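# Descriptive structure summary
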Amino acid sequence: MSPTEDEIKERKEEFRAALKERLTPNLRLIFAVFDFIMVGTILVDLVFMMGYIGDTYLQLLVALNLVAVVVGYVSYATKRRLSRQVSKELFGEQRDVPVESGDERASEVTEDNSEMPD
């Protein structure tokens, strides 16, 4: 017996509300800083590719990109762990929690860091 579309929407809303409740102001700030670092790194990379930054700053650029990779992984892992904790609290050990397509997992948080699908 598969759940209806209304049941799925209801469970997603319940999940999002519980997740929003779980996010503390400090955690939201951390995620915002992480997002800022990632966007800043991308912008610096684009400026480098356009030729405005010379090869003399290449080592600094590599270091910045490595930091961005670490920050991105920590952010992703934290969001995923939080999502799983909330999912277990709400739905127990069952894995029939409504999940959106796998491609959307990379952008788990919106601008206000309130939505993170499992």
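Located above this text is the structure these notes cover.
Along each chain, residue indices are assigned from 1 in the same order as the chain's sequence is written. In view of the model being predicted, local features appear only for residues whose pLDDT reaches at least 70, and side-chain atom pairs are presented and counted only at 80 or more, with totals across whole chains, interfaces and linings using the full set of residues. As a convention, hydrogens and water are excluded, and side-chain values are obtained from all of the structure's heavy atoms.

We now examine the overall build of the protein chain. We count a stretch as a helix when DSSP gives it H or I for four or more residues in a row; a strand needs E for two or more, and each element gets its number in order from the N terminus. Helix and strand counts for the protein chain stand at 3 helices and 0 strands. Reading the helices (α) and strands (β) of the protein chain from amino to carboxyl end gives α-α-α. By the burial criterion, 25% of the 118 residues in the protein chain qualify as buried. Intrachain contacts of the protein chain at a sequence separation of at least 6 include 72% that bridge at least 24 residues. The method behind every accessible area is Shrake-Rupley, applied with a 1.4 Å probe, and residues are considered shielded solely by the protein chains displayed. Accessible area for the protein chain stands at about 8400 Å²; split by element, carbon and sulfur atoms hold 61% of it. Categorising residues by exposure relies on relative accessible area from a 1.4 Å probe, with only protein chains included: less than 20% of the type maximum marks a residue as buried, more than 50% marks it as exposed, and the intermediate range marks it as partly exposed. Residue contacts are defined here by distance: any two heavy atoms, one from each residue, within 4.5 Å place the two residues in contact.

Glancing now at the pattern of salt bridges. One speaks of a salt bridge when a side-chain nitrogen belonging to Lys or Arg is within 4 Å of a carboxyl oxygen belonging to Asp or Glu. Inspection of every chain in the model, using the stated rule, returns 2 salt bridges. When the shortest N-O distance is used, the salt bridge between R16 and E13 registers 3.5 Å. Placement of the pair is R16 and E13 together in helix α1 (residues 5-22), with a separation of 3 residues, close to one helical turn. The class for E13 is partly exposed, based on a relative accessible area of 48%. For E89, the salt bridge is made with R22, and the minimal N-O distance between the two is 2.2 Å. In this pair, E89 is assigned in helix α3 (residues 58-91) and R22 in helix α1, connecting sequence segments 67 residues apart. For R22, a relative accessible area of 27% gives the class partly exposed.

Bringing a nonpolar patch on the surface into the picture now. Surface patches are defined over residues having more than 30% relative accessible area and no salt bridge, joining like charges when they lie within 9 Å and nonpolar side chains (Val, Leu, Ile, Met, Phe, Trp, Tyr) when within 5 Å. Residues V39, I42, L43, L46 and M49 make up a contiguous nonpolar surface patch of about 510 Å² in total accessible area. Here L46 lies in helix α2 (residues 25-49).

The end-to-end C-alpha distance of α2 is 36 Å, a good match for the 36 Å that 25 residues give at a rise of 1.5 Å each. Taken as a whole, α2 has its buried residues at L27, F31, F34, T41 and D45. Where α2 is buried, its residues meet α3. Two residues or fewer past α2, G51 is found with a positive phi of approximately 95 degrees. For a helix, the expected span equals 1.5 Å multiplied by the number of residues minus one.

Take the buried residues of types Ala, Val, Leu, Ile, Met, Phe, Trp, Tyr and Cys, join any two whose side-chain atoms come within 4.5 Å, and each joined set is a nonpolar core. Among the nonpolar cores identified, the biggest contains 10 residues, and these are F15, L19, L23, L27, F31, F34, V71, L82, V86 and F91. If you list the elements that add at least two residues to this core, you get α1, α2 and α3.

Before going further, it helps to spend a moment on the environment of E7. Note on placement: E7 falls in helix α1. Looking at E7, the relative accessible area reads 42%, which means it is partly exposed. In protein, a polar contact means a hydrogen-donor-capable atom and an acceptor-capable atom, both N or O and within 3.5 Å, with residues adjacent in sequence counting only if both atoms are side-chain atoms; elsewhere, any N or O pair within 3.5 Å suffices. Within the structure, E7 has its side chain in polar contact with the backbone nitrogen of T4 (distance 3.2 Å).

Turning our eyes to something else, we now look at the packing of aromatic side chains. Stacked, tilted and edge-to-face pairs are distinguished by plane angle, under 30 degrees for stacked and over 60 for edge-to-face with tilted covering the rest, among Phe, Tyr and Trp rings (Trp via its six-membered ring) whose centres lie within 6.5 Å. Under the criterion given, the structure shown has 0 aromatic pairs. A ring is considered to have a charge above it if a Lys NZ or an Arg CZ atom is located within 6 Å of its centre and within 35 degrees of its normal. Cation over ring: K79 sits above F31, and NZ or CZ is 5.1 Å from the ring centre.

To continue, consider the packing of α2 against α3. Two numbers describe how α2 lies on α3: the axes approach to 9 Å, and their chain directions differ by 145 degrees. Once α2 is placed against α3, the crossing between them reads as left-handed. Between α2 and α3, the contacting residues are L27, F31, F34, D35, I37, M38, T41, V44, D45 and F48 on the first element and L58, L61, L64, N65, A68, V71, G72, V74, S75, T78, K79 and L82 on the second. Residue composition of the contact of α2 with α3, by class: 14 nonpolar, 5 polar and 3 charged. Inter-axis angles, ranging from 0 to 180 degrees, are taken between N-to-C directions of lines fitted to C-alpha atoms, where helices are fitted over the stretch in contact. Note on convention: near helix rotated counterclockwise from far helix by under a right angle means a left-handed crossing. Clockwise means right-handed. Only Asp, Glu, Lys and Arg are considered charged in this grouping, and only Ala, Val, Leu, Ile, Met, Phe, Trp, Tyr, Cys and Pro are considered nonpolar; every other residue, Gly among them, is considered polar.

Shape is all these values report; function is a separate question.
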